[in-house]
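Analysis of the macromolecular model
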Amino acid sequence: MPGWKYAFSLSREAVKAATPPGTVRLIEPTATVVIPEGGVTTTDHPADPLNWAPWRKLACISTVSLYAFVSNFISACIAPALPVWNLEFPEDQRKIEELMQFVAYNILLLGFGNVFLVPVANIFGRRAIVLISALILFISTAVGATTSNFVGILVVRCFQGFGSSASETVVPAVVGEMYFVHERGRWMAFYTAALASGSVVGGISGGYIAVRLGWFQVFWVSAVLAGITFLCSVLFVPETIYERGAHCLPIQRNLPRPSRYWPRTPAPYLSLVTLPSMRMTLPSRFRYTGELDPTYTWYQPSSSGDLSSSTAMTPTRFSKQVRSSRATGPGNFSYHPYTFSDSLKFGMYRGRIKYQFMKPWYTLRLPATWIAMLQYGGLVGAVAVISTIGPQLLILPPYDWGADTGLLFIGALIGIVFGAITTALLADRRLKAFAKKQDHGYAEPETRLPIMLPALALGTGGLLVFGFCAQYPGEYQWIGLQVAYGMVAFALTQVPSLWFSYLIDAYNQLASDCFAMICILRGMVPFIWLLFVIQWIERDGYLVPFGGFTVIMGVFSLLIVPILWAGKRMRIATARYVVGNQ
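Here we summarise the structure given alongside this text. Keep in mind that what you see is a predicted model, and the values were worked out from it rather than measured. (Residues numbered from 1 in each chain as written. Predicted model: local features only at pLDDT ≥ 70, side-chain atom pairs only at ≥ 80, totals over all residues. Heavy atoms only, no water.)

1. Some words on helix α12 (residues 215-236)
Test applied: The way it works is that DSSP assigns letters per residue, a run of H or I at least four long becomes a helix, a run of E at least two long becomes a strand, and they are numbered from the N terminus. Residue count minus one, scaled by 1.5 Å, sets the expected span of a helix. Partly exposed residues are those whose accessible area sits between 20% and 50% of the maximum for their type, while under 20% is buried and over 50% is exposed, using a 1.4 Å probe and protein chains only. Here, the arc refers to the directions that run from the helix axis to the C-beta atoms. The contact rule is simple, with two residues in contact once any of their heavy atoms fall within 4.5 Å.
Taking 1.5 Å of rise per residue, the 22 residues of α12 would be expected to cover 32 Å, and the 33 Å separating its terminal C-alpha atoms lies within 8% of that figure. All of the buried residues in α12 are Trp215, Val218, Phe219, Ser222, Ala223, Ala226, Thr229 and Ser233. Buried residues of α12, seen end-on, are gathered within an arc of 130° and therefore sit on one face of the element. Every exposed residue of α12 that faces more than 90 degrees away from the buried side is listed here: Val224 and Leu231. At its buried positions, α12 is contacted by α3 (54-76), α4 (85-88), α6 (101-112), α8 (126-144), α9 (150-164) and α11 (184-213).

In structure tokens:
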């Protein structure tokens, strides 16, 4: 099996021609047109999410994006409402650092809940977990509307975080399972825009609701949104895990018994460098020339016996009905229509419980998991600190914004809009343009990543700008606070969108397990920062803590360089982990 030493000893030409998991043929070199399947082995079955009607896909992604929006709305809306606690409950006065636990523990459970939810989703399906999570979010929020003690609210916030967990792991997996590789970029941008804007809208409205209507109305409004989300999820989120193995036969099942090979030699050693995602090529000297059973193959023969020069081929569509009729060709099968009632069904069980619970931890062997984990965690930590500290800052002189402190989030909303638009316009366009320039028409997951370089620079710089403006308040310094928050929000929209697309492209069925590990750190970083940031600010002011956050985020941002330089070599080196755990 090739490893790190082997991957980094290859010539540039060999790396360019290699097809590790994640490298797919997107463009036909002779016709320079996009392959509809985008390098994915597809079926003709109407239940396959890739074959769903556009309206069904739109309804599904709109619903799961609503779930992501509402989850972050509920998480963030309480931050600007924290000063209302001591007015609403004068008999239970709390310091601001105590009240910040409502935000910190919610974020922590939002991350750690995925250690349980992602494996269960891989066992019982995405639909079941989305519905259960949305139901937990609704029930816990409704209970919070009737709870009036500190410990009770803290427990409610923990359950809200757990119910929101699937919005950042299972939901992006759902998006990736509905769209082809050249379509994911724009739809992932749509999802991450909804995810990020939930925090902003919650931050803007939470203070107004608490001041004008009262503390409990924050939970009632959130409960209504969570209830609508649950109802829409029941109706419009079908199961997106589709076992194509029943319709697309692997090459091992397609070849005759080894005794019928000519020449009579042991099976060939297939280097993972020549093992594309979900397909194989076979050297001609080992190719069986007799009749195959069934007659439709899942690979196209290589014209060369040289493993290093073999190329990825577009897979042939195949149906399980070939088993019963060899005379019928692909494309002539009739399937039962995929009706609305079919989309409401449950019942999936994939087994391997112990393996599914261990699989997320195996993804820590993949470098991209660590880099995405640190960058996303750092940006979420930055937004959590700004969204919590900012309203407390604007209550004080010289600003005295009172109930209008939520207007700080306007800058973030503008940043999110620009981040979503630029990502949607550039991500897929760059992928297809790169594939057209290649001799083989290959699309590489790393192609989209350079788009995030300006976003990482803006997000890192935004922390320093915020700390400077907070340290030296003035009549117009609120403009700097708005701009700084917008810079960080722009990065929070674009960076995870591109990373989620990369992980789905590069690691396929392991993507949701990567998301689980990413969300663990996504919960830990803001939790730790929120626990000690108040004391740090009281001791050293705003500039020193935010300067420290800037340095940390800067280091995290620089980690993108190794992926841009040698991302494909890393995928070659770790291909055995991906193929072995699909």
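2. Some words on α11
Applicable threshold: One axis is fitted to the seven residues ending at the residue and one to the seven starting there. The bend at that residue is the angle between these axes.
Taking 1.5 Å per residue, 30 residues should reach 44 Å; α11 reaches 41 Å between its end C-alpha atoms and fits that length. Remark: the principal bend of α11, roughly 30°, maps to Ser205. The element α11 is largely enclosed, with a buried count of 22 among its 30 residues. A positive backbone phi angle near 115° is found at Gly214, which sits one or two residues after α11.

3. A word on the packing of aromatic side chains
For the record, the criterion: Only the six-membered ring of Trp is used, alongside the rings of Phe and Tyr, when aromatic pairs are assigned; centres must lie within 6.5 Å, and planes under 30 degrees apart are stacked while those over 60 apart are edge-to-face, with the rest tilted. A ring is considered to have a charge above it if a Lys NZ or an Arg CZ atom is located within 6 Å of its centre and within 35 degrees of its normal.
For the coordinates displayed, the defined rule picks out 32 aromatic pairs. Aromatic pair Phe89 and Phe216: ring centres 5.8 Å apart, planes at 90°, arrangement edge-to-face. With Phe89 in the loop between α4 and α5 (96-99) and Phe216 in helix α12, the pair connects residues that are 127 residues apart, well separated along the chain. Centre to centre, the rings of Tyr105 and Phe527 are 5.1 Å apart; their planes meet at 70°, and the pair counts as edge-to-face. Of this pair, Tyr105 sits in helix α6 while Phe527 is found in helix α20 (residues 511-540), placing the two residues 422 residues apart along the sequence. For Tyr105, a relative accessible area of 27% translates into the label partly exposed. Directly above the aromatic system of Phe346 lies the positively charged group of Arg127, at a separation of 4.7 Å from the ring centroid. Over the ring of Tyr355 we find Arg352, and its NZ or CZ is 3.9 Å from the ring centre.

4. Side note on the nonpolar core
Note the cut-off: The nonpolar core is taken to be a set of buried Ala, Val, Leu, Ile, Met, Phe, Trp, Tyr and Cys residues, with the residues joined through side-chain atoms within 4.5 Å.
Formed by 133 residues in total, the largest nonpolar core has its most connected members in Phe102, Trp215, Leu481, Trp499, Leu503, Tyr507 and Phe546. Of the residues forming this core, the biggest block, 17 residues, is contributed by helix α19 (residues 477-507). Each residue touching Trp499, except ones within four places of it in the same chain, is listed here: Ala368, Ile371, Ala372, Gln375, Leu449, Met452, Ile560 and Ile563. Of all hydrophobic cores here, the second largest spans seven residues; its members include Leu26, Val181, Ala435 and Ala443.

5. Considering the packing of helix α7 (residues 114-124) against α20
Selection criterion: Here an axis means a line fitted to C-alpha atoms, over the contact stretch when the element is a helix, while the angle between two N-to-C directions is reported on a 0 to 180 degree scale. Throughout this description, any angle smaller than 35 degrees is read as roughly parallel, any larger than 145 degrees as roughly antiparallel, any in the 65 to 115 degree range as roughly perpendicular, and the remainder as oblique. Here the term charged refers only to Asp, Glu, Lys and Arg, the term nonpolar to Ala, Val, Leu, Ile, Met, Phe, Trp, Tyr, Cys and Pro, and the term polar to all other amino acids, Gly among them.
Contact geometry of α7 with α20 gives a least axis separation of 9 Å together with a crossing angle of 170°. Judged by the angle between their axes, α7 and α20 are roughly antiparallel. Where α7 abuts α20, its residues Asn114, Val115, Val118 and Asn122 lie against Ser512, Asp513, Ala516, Cys519 and Ile520. Considered class by class, the residues forming the contact of α7 with α20 number five nonpolar, three polar and one charged.

6. Structural notes on the environment of Gly459
The residue Gly459 is located in helix α18 (residues 453-471) in this model. Residue classification places Gly459 among the buried residues on the basis of a relative accessible area of 1%. Residues Gly459 and Leu492, 33 residues apart in the sequence, show an inter-C-alpha distance of 7.6 Å. For Gly459, the residues in contact, after removing those within four places along its chain, are Leu379, Met487, Val488 and Ala491.

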